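The primary structure of each chain is shown beneath.
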Amino acid sequence: DCLWHELGLRGLAAEKEVAFPVRYKEKEITSGYRVDLLVQRSVIVELKAVETLLPIFTSQLLSYLRMSGLKLGLLINFNVAQLKDGVRRVVNNF
């Protein structure tokens, strides 16, 4: 909530818990998954507070990017001494 609020204070449009549908063969199956933050309708931000960012978290974000058609995502782990060490940029090249 604090990050969402801070983004708004800086003039960025940010939405929390945005649902994206899962599509299969041109059919919407379900509202499938929710991303933590969608910034400016162009960047997905996934938030974690874990000891280590596991590869599954990157895979999850890549799946979200592919299903949404977006290119850029940020995986942010708040369980680090300095926040810059907990930020991973993920790009969908497909």
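Summarised in this report is the structure supplied together with it. Computed from a predicted structure; not experimentally measured. (Residues numbered from 1 in each chain as written. Predicted model: local features only at pLDDT ≥ 70, side-chain atom pairs only at ≥ 80, totals over all residues. Heavy atoms only, no water.)

**Quick word on the overall build of the protein chain**
Along the protein chain, the regular secondary structure elements total 2 helices and 5 strands. Starting at the N terminus, the α and β elements of the protein chain follow one another as α-β-β-β-α-β-β. In terms of overall size, the protein chain behaves like a compact globule, its C-alpha atoms giving a radius of gyration of 14 Å where 94 residues would be expected to give roughly 12 Å. Seen through its C-alpha atoms, the protein chain measures out along the principal axes to roughly 45 × 30 × 20 Å. A burial count over the protein chain gives 33% of its 94 residues as buried. Looking at the protein chain alone, contacts between residues at least 24 apart form 43% of all its contacts between residues at least 6 apart. Distance between charge centroids for the protein chain: 7 Å, based on 13 positive and 10 negative side chains. (Helix = DSSP H or I, 4+ residues; strand = E, 2+ residues; numbered from the N terminus. Rg over C-alpha atoms; globule rule 2.2 N^0.38 Å. Buried < 20%, exposed > 50% of the residue type's maximum accessible area, 1.4 Å probe, protein only. Contact = heavy atoms within 4.5 Å. Lys, Arg positive; Asp, Glu negative; His and termini not counted. Charge placed at Lys NZ, Arg CZ, Asp CG, Glu CD.)

**Some thoughts on the side chain of Asn92**
Note on placement: Asn92 falls in the segment after β5 (87-91). Given the relative accessible area of 7%, Asn92 is considered buried. A polar contact of 3.1 Å, which involves the side chain of Asn92, links it to the backbone oxygen of Leu70. (Polar contact = N/O pair within 3.5 Å; in protein donor to acceptor, adjacent residues only side chain to side chain.)

Function cannot be inferred from these measures alone, as they are strictly geometric.
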